[in-house]
Amino acid sequence: MATVGVAPGLSRKLKKVLESRTDSPDLLASLNTLSTFYTENTPQARRNLRSTIEKRCLSINHEFLRASDSAQQALDRVEEEVNALADCCDRIAKALNSCSATTGDIINTTERLRQELEITMQRQEIASCFLRDYQLSNEEINALREEELNENFFKALSHVQEIHANCKILLRTHHQRAGLELMDMMAVYQEGAYERLCRWVQAECRRLGDSDNPEVGELLKTAVRCLKERPVLFNYCAEEVANMRHNALFRRFLSALTRGGPGELPRPIEVHAHDPLRYVGDMLGWLHQALASERELVLVLLDPDAAVDTEPTAQRSSKISESDNGKTESDLKFVLDRIFEGVCRPFKVRVEQVLQSQPNLIIAYKLSNTLEFYCYTISDLLGRETSLCNTLWLLKDAAQKTFFDILKSRGEKLLRYPPLVAVDLSPPPALREGVSVLLEIIETHDSMMVPASGKKQPFDPVISALLDPIIQMCEQAAEAHKSKGVTHSSRRSRASTESGQMSKSSFDAILSNSGSTLFSQDSETPSKIFLINCLSAIQQPLLGHEVASKYAKNLGSMIDNHMNILVEKEVEAILRRCSLSKKMPYFRNSFNKEAVEAPLAEIEDTSPASLSECLKSFFGLILGSESSLPEFEQMQVPKLRADACLQVAKLLAEAYQLIYSAIMDPKNRYPDPKSLARHPPHQIRTILGF
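Residues numbered from 1 in each chain as written. Predicted model: local features only at pLDDT ≥ 70, side-chain atom pairs only at ≥ 80, totals over all residues. Heavy atoms only, no water.

Peer 1: Can you walk me through the overall build of the protein chain in this structure?
Peer 2: Within the protein chain one finds 25 helices and zero strands. The burial tally for the protein chain puts 37% of its 690 residues in the buried class. Carbon and sulfur atoms make up 54% of the accessible area of the protein chain, which amounts to about 41300 Å² in all. (Helix = DSSP H or I, 4+ residues; strand = E, 2+ residues; numbered from the N terminus. Buried < 20%, exposed > 50% of the residue type's maximum accessible area, 1.4 Å probe, protein only. Areas by Shrake-Rupley, 256 points an atom, 1.4 Å probe, with all protein chains shown as cover.)

See the structure below:
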């Protein structure tokens, strides 16, 4: 069967239909809309589908036209109004174009005036700044001249100073005349303000003088700080402060002396006038306390910045120039000196009364030390060249003079009536009393207060003033005892000479003469022992005190000197008893190579026969009883007694060593030296105990 061909147009339509996508959103939406009015699927309906759709479109367009009819009418009205506005704009443009020619001058004038306004505003601002920096307001002028002194016054005064400083800048420009006129005007304001400020400060300072413990307000501190710019006015105020506080302090001091504090607490200082040390100490303590409070008050007034500054001194001084610091210290010392000038005389009179009442030695020394301590302490606060310090130093010198006068009179009394030497050669009671007083003075000296800027006075003059008269007294007593001993010994020697002319052997005669010489001991031995006992009694208590070490050392030298003299005298007496004293120069010269003499055996004084008798006597003393050699029993210090005995033994041994060596020397031609010097020197040293 043959295939029927399809028309090309239909074929295209079919192909288009077949290629259409049935799931596209547009197709689905169209079909949904079609389903709303295509209700019956009949052939007739299918044939009329196109016309149905077109009718549907037509009805929709009719509805749209009906709905947009009101909008169209509104748009027409708008168009009419726009046209009317266009006409108005055309008329305005024509009017403006016609006025532009006539308003050009006004616009130019307006622009010029605007620029002038800007320039005027700048000038007004400059004028305001000038008035602020170079003129005072009415309120400030009233504060400087009429109102009561308050913070506004100081603000106005500060502004005046700023203006005055600014005028100096003007003088460097071409506005010199204005600068000079303004400086003159500000100077008038400034001087008037400072004079008014000075009067106000003086009035406030007078009020401070009425109170014992015044308080300085911040306003007064500020005023003083401002017045420091005018040294002359500042000095007037400082003098006013000094005068007011001078009178107030004088009244307070007299009140403290006579009436005491409120309710008699503390009690009046003069209640203790019977106790010199407490009386003077209370007055000095009151002055020191008053000085501290017055210094604080004056420092607050004269230098408020330094008074309230809590920084360390080193940091504060680095911020303050040396000239300002020196000026403040000078003003402070001047004011404090004037304040305390009034109390100097009543204080001096009372201390002089105490010194004239002849206090005892210890009280006088303590008064001198107390016054010296306060001299340094108050000098640190007040300055050395001030009335109060000068008074204190004078009183210290007077107290020291009183102390040394007492020592002097005490020493003169001892020297005028020296005591008798005791039988046991012990130190006199006056010596022990003097040493006891000295020890008490040393204890006072060691416990005395020493200020940071001072040092303890040398103590040697005190020791010398007290002990030198005692030592001189002991020397006078020893000399008197020695003179008395010489008289008694001369009488005894004459008696012994008359009774001693009997037939004895030479050995017995020597012993007899030597015995009388031994116990008389040249009459100087007891005096020396007495002096050694006295010096030892002085030296021993001083050895433990550093301040007396030098004097104790000198005493030791004196004791050694007297000991050497005593030992030499004793050895000389022993050798004289043995008739060896006159022979010792021959023995010494025999060892002198330069001396040319005959052999000792050929000299009469050193002949074997003469020397044999002398050595027998010497050996008799050495080998005899214990009382043959001096033992210095009356020397009260055991060590010194032992040293004296040892030195006597050493000197005797040395003398025998010299004699023995001379005898054994062949050049002296002794026929039998060993029989003449039977004992070698080491035996003699052993016998003498060393």
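Still more ground to cover, so stick around.
Peer 1: I keep staring at the packing of helix α23 (residues 638-664) against helix α25 (residues 681-688) and nothing clicks. Help me out?
Peer 2: Packed helices, taken two at a time, are described by the angle between their axes plus the distance between the axes. Orientation of α23 relative to α25, taken along the N-to-C sense of each, is 165°, at an axis distance of 9 Å. Comparing their axes, α25 and α23 come out roughly antiparallel. Along this stretch, α23 crosses α25, giving a crossing that reads as right-handed. Of the residues in α25, those in contact with Ala649, Leu652, Ala653, Tyr656, Gln657 and Tyr660 of α23 are Pro681, Ile684, Arg685 and Leu688. Residues of the contact of α23 with α25, tallied by class, amount to eight nonpolar, one polar and one charged. (Axes fitted to C-alpha atoms, helices over the stretch in contact; angles between N-to-C directions. Parallel < 35°, antiparallel > 145°, perpendicular 65-115°, else oblique. Left-handed = near helix turned anticlockwise from the far one by under 90°. Contact = heavy atoms within 4.5 Å. Nonpolar A, V, L, I, M, F, W, Y, C, P; charged D, E, K, R; others polar.)

Peer 1: So what exactly am I meant to see when it comes to a negative patch on the surface here?
Peer 2: Residues Asp76, Glu79, Glu80 and Glu81 make up a contiguous surface patch of negative charge. For Asp76, the position within the fold is in helix α4 (residues 49-134). (Patch = residues over 30% accessible without salt bridge, like charges linked within 9 Å, V, L, I, M, F, W, Y side chains within 5 Å. Salt bridge = Lys/Arg side-chain N within 4 Å of Asp/Glu carboxyl O. Lys, Arg positive; Asp, Glu negative; His and termini not counted. Charge placed at Lys NZ, Arg CZ, Asp CG, Glu CD.)

Peer 1: How should the pattern of salt bridges be read in this particular structure?
Peer 2: Opposite charge on two side chains makes pairing possible when the charged atoms of those side chains draw close. The full count for this structure, using the stated rule, is 16 salt bridges. Through salt bridges with shared partners, a single network forms among Glu111, Arg114 and Glu118.

Peer 1: Got a minute to help me understand the confidence of the model for the protein chain in this structure?
Peer 2: In low-pLDDT segments, the atomic positions of the prediction should not be examined closely. Looking at the protein chain as a whole, its pLDDT mean stands at 80, while 87% of the residues score no less than 70. In the model of the protein chain, helix α18 (residues 506-520) stands out as the element of lowest mean pLDDT, 36, in contrast to helix α15 (residues 387-416), which has the highest, 91. Counting interchain partners and residues more than four positions distant, the pLDDT-below-50 stretch residues 307-321 has eight contacts. Every residue in residues 488-521 is under pLDDT 50, and counting partners more than four places away or in other chains gives 20 contacts. (pLDDT = per-residue confidence, 0-100.)

Peer 1: Would you explain unusual backbone geometry in this entry?
Peer 2: Leaving glycine out, the prevailing phi sign among residues is negative, and the prevailing peptide bond configuration is trans. In this model, Gln358 sits at a positive phi of 55°, which is unusual for a non-glycine residue. Position of Gln358 relative to the elements: it lies in the loop between α13 (322-356) and α14 (361-382). A positive phi angle is found at Arg669, which is not glycine, with a value near 60°. Tracing the backbone through its elements, the reader meets Arg669 in the loop between α23 and α24 (673-676).

Peer 1: Is there a simple way to think about the nonpolar core in this case?
Peer 2: Judged by nonpolar contacts, the single largest core of 82 residues is most densely connected at Ile441, Ile538, Leu542, Phe587, Phe618, Met635 and Leu652. Ranked by residue count, the leading element in this core is α23, at 13 residues. With near-sequence residues (within four places) excluded, Met635 lies in contact with Ile529, Ile532, Asn533, Met563, Leu566, Leu640, Arg641 and Ala644. Among the nonpolar cores identified, the runner-up in size contains 81 residues, and Ala256, Leu257, Ile339 and Leu371 belong to it. (Core = buried A, V, L, I, M, F, W, Y, C linked by side-chain atoms within 4.5 Å.)

Peer 1: How should I be thinking about the side chain of Glu140 in this particular structure?
Peer 2: Considering the arrangement of structural elements, one finds Glu140 in helix α5 (residues 138-145). Although Glu140 is buried, it forms no salt bridge, and the closest oppositely charged side chain is Lys155 at an N-O distance of 9.4 Å. When residues no more than four places from it in sequence are discounted, the contact partners of Glu140 are Gln135, Ala156 and His159.

Peer 1: I'm lost on the packing of α5 against helix α6 (residues 151-170) in this one. Help?
Peer 2: At a minimum axis separation of 8 Å, α5 and α6 run at an interaxial angle of 110°. Comparing their axes, α6 and α5 come out roughly perpendicular. Note that α5 runs across α6; the crossing there is left-handed. In this structure, α5 contributes Glu140, Ala143 and Leu144 to the contact, and α6 contributes Asn152, Phe153, Ala156, Leu157, His159 and Val160. Class assignment for the residues of the contact of α5 with α6 results in six nonpolar, two polar and one charged.

Peer 1: So what exactly am I meant to see when it comes to the packing of aromatic side chains here?
Peer 2: Between two aromatic rings, the relevant description is the distance of the centres plus the angle of the planes. With the rule as written, the count across this model stands at 11 aromatic pairs. Seen in terms of ring centroids, Tyr365 and Phe403 are 5.1 Å apart; in terms of plane orientation they differ by 50°. Their pairing is tilted. Of this pair, Tyr365 sits in helix α14 while Phe403 is found in helix α15, placing the two residues 38 residues apart along the sequence. For Phe403, a relative accessible area of 1% corresponds to the buried category. When the ring of Tyr656 is compared with that of Tyr660, the centres are 6.1 Å apart and the planes differ by 35°; the resulting orientation is tilted. Of this pair, Tyr656 and Tyr660 both sit in helix α23, four residues apart, which is roughly one turn of the helix. Among the residues examined, Tyr656 registers a relative accessible area of 1% and is labelled buried. (Phe/Tyr/Trp six-rings, centres within 6.5 Å; stacked < 30°, edge-to-face > 60°.)

Peer 1: Any chance you could explain the state of the cysteines here in plain terms?
Peer 2: Disulfides are covalent bonds that connect the sulfur atoms of two cysteines. This structure, assessed with the given rule, holds zero disulfides. Between Cys534, a free cysteine, and Cys474, which holds the nearest cysteine sulfur, the sulfur-to-sulfur gap is 3.5 Å. (Disulfide = S-S within 2.5 Å.)

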